[in-house]
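# Fold and contact review
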Amino acid sequence: NAGVTQTPKFRVLKTGQSMTLLCAQDMNHEYMYWYRQDPGMGLRLIHYSVGEGTTAKGEVPDGYNVSRLKKQNFLLGLESAAPSQTSVYFCASSYAGGPGGELFFGEGSRLTVL
Amino acid sequence: GEDVEQSLFLSVREGDSSVINCTYTDSSSTYLYWYKQEPGAGLQLLTYIFSNMDMKQDQRLTVLLNKKDKHLSLRIADTQTGDSAIYFCAEGFGYSTLTFGKGTMLLVSP
C-alpha cells in the first residue's frame, strides 16, 4: 500500500543546475499538488493539477515547472536552481476537492541548493 | 486575501489537555481542517469540520468553530507524548485548494 511516493528523498544541487522531483500515487486520485515547506512559512502551494494533462499555478510558482502526462505521476522541475529554492518539498494527492478530498502526502524531498 | 494564523508553539504535560487555536480570514470558507505532521513525515488529516457546524468530537479530539470570530480550535484530551507533532489548520472553499497556517508545534513532556 504505497500511497504517495516521492523521489528523490534528498538532493544537493549547485546554483544553476536543473533537476526533477517525481511524485507517484497509486490511489487513482484526480488532484495532485506540490507544496514547499520552509521554517516559519508553513506550507505554500507551488503548482497543482486537477486531472491528467492539466496544471495550474499556486501561491509560489516562479522558478518551477510541472507536468502531469500520466494520471498517477506529477513532476516538479527546477530549470535553474537558486539558493532560495532550498526547502522541503511535499507532494500530495486527493480524490477530489472539499471534505471528500482528503490530501494524502508523501514523505517529502529535502533539496539543498548551494 | 486568504490568511490562516496560528500560534507557533505549545508545551503541555502528559495527561493535560491541549488547545491549539487558529484564526482565518476568508468568510467564504466552507471547510476547515486540522492536519498533523510528525517528525520527518508528511501531513496527515486529523479531522475536518463544515462551516455550518459549531463543534465536532472524535475520540480525544474536539474541534470548536466560532464563525462570527473566524476562530477554530483543536482540543486534545489526555495528551500523550505521541501527540507531539506540528498541527496545521487549513481552510478550503468548495473544490478549491487549501490554505494552510504556519503550523503549531506541540511538545508534550512526561
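In this report, the structure presented in the accompanying data block is examined. (Residues numbered from 1 in each chain as written. Chains lettered and ligands numbered in written order. Predicted model: local features only at pLDDT ≥ 70, side-chain atom pairs only at ≥ 80, totals over all residues. Heavy atoms only, no water.)

With that out of the way, let us pick up the pairing of strand 3 (residues 19-25) of chain A. All names here are of chain A. Only one face of strand 3 is buried, namely the one carrying Met19, Leu21, Cys23 and Gln25, since none of Thr20, Leu22 and Ala24 on the opposite face is buried. Note: strand 3 against strand 8 (residues 73-78), 6 bridges, orientation antiparallel. In the strand pairing of strand 8, Ala24 is matched with Asn73. (Buried < 20%, exposed > 50% of the residue type's maximum accessible area, 1.4 Å probe, protein only. Helix = DSSP H or I, 4+ residues; strand = E, 2+ residues; numbered from the N terminus. Pairing = 2+ DSSP bridges.)

Our next topic: the interface of chain B and chain A. Counting residues at the interface gives 19 residues for chain B and 20 residues for chain A. Across the chain B/chain A interface, buried area totals approximately 1500 Å², and carbon plus sulfur atoms make up 65% of it. For the pair chain B and chain A, the number of links is 0 salt bridges. Counting every contact that joins chain B to chain A gives 2 residue pairs in polar contact (both at pLDDT 80 or more). (Contact = heavy atoms within 4.5 Å. Buried area = accessible area lost by both parts, 1.4 Å probe. Salt bridge = Lys/Arg side-chain N within 4 Å of Asp/Glu carboxyl O. Polar contact = N/O pair within 3.5 Å; in protein donor to acceptor, adjacent residues only side chain to side chain.)

Counting through the fold element by element, Thr104 of chain B comes out in strand 11 (residues 104-109). Once residues lying within four places of it in the same chain are set aside, the contact partners of Thr104 of chain B are Gln6, Ser7, Leu8, Phe9, Leu10, Ile20, Ala85, Ile86 and Tyr87 of chain B.

Another point: the sheet that holds strand 8 (residues 71-76) of chain B. All names here are of chain B. One open sheet holds the 5 strands; their spatial order is 1-3-8-7-6, and the pairing between them is antiparallel. Strands at the two margins of the open sheet, each flanked by one partner only, are strand 1 (4-6) and strand 6 (55-58). Averaged over neighbouring strand pairs, the angle between their axes works out to 15° when direction is ignored. Judged from the 4 bridges that link them, strand 6 and strand 7 (residues 61-66) form a sheet pairing that is antiparallel. Note on strand 7: the bridge partner recorded for Met55 is Leu64. (Axes fitted to C-alpha atoms, helices over the stretch in contact; angles between N-to-C directions.)

A word on the packing of aromatic side chains. All names here are of chain A. Summed over the entire model, instances satisfying the criterion amount to 15 aromatic pairs over all chains. Ring centres of Tyr64 and Tyr89 lie 5.8 Å apart, and the angle between their planes is 65°; this geometry places the pair in the edge-to-face category. With a gap of 25 residues between them, Tyr64 in the loop between strand 6 (56-57) and strand 7 (65-67) and Tyr89 in strand 9 (residues 87-94) connect regions that are remote in the sequence. There is no split in this pair, since Tyr64 and Tyr89 are both buried. (Phe/Tyr/Trp six-rings, centres within 6.5 Å; stacked < 30°, edge-to-face > 60°.)

What follows deals with the pattern of salt bridges. Enumeration according to the criterion identifies 7 salt bridges over all chains in this entry. Asp69 of chain B is the salt-bridge partner of Lys68 of chain B, the closest N and O atoms lying 3.7 Å from each other. The exposure class of Lys68 of chain B is exposed, given its relative accessible area of 73%. Given a relative accessible area of 47%, Asp69 of chain B falls into the partly exposed group. Here the salt bridges do not stand alone but share partners, grouping Arg36, Asp38 and Arg44 of chain A into one network.

Here we take up the side chain of Gln25 of chain A. All names here are of chain A. With respect to the secondary-structure elements, Gln25 resides in strand 3. Note on Gln25: relative accessible area 5%, which makes it buried. Of note is the side chain of Gln25, whose polar atom sits 3.2 Å from the backbone nitrogen of Asn28. Those residues in contact with Gln25, other than ones at most four positions away along the chain, are Gly3, Val4, Met32, Arg68, Lys71, Gln72 and Ser93.

Here, disulfide denotes a covalent bond that connects the sulfur atoms of two cysteines. If you walk through the whole model with that rule in mind, you get 2 disulfides over all chains. Bridging Cys23 of chain A to Cys91 of chain A, the disulfide has an S-S length of 1.9 Å. Residues Cys23 of chain A and Cys91 of chain A share a disulfide whose torsion about the S-S bond is about -75°; that sign makes it left-handed. Of this pair, Cys23 of chain A sits in strand 3 while Cys91 of chain A sits in strand 9; the two residues are 68 residues apart in sequence, bridging distant segments of the chain. Put simply, Cys22 of chain B and Cys89 of chain B are joined by a disulfide, and their sulfur atoms are 2.0 Å apart. (Disulfide = S-S within 2.5 Å.)

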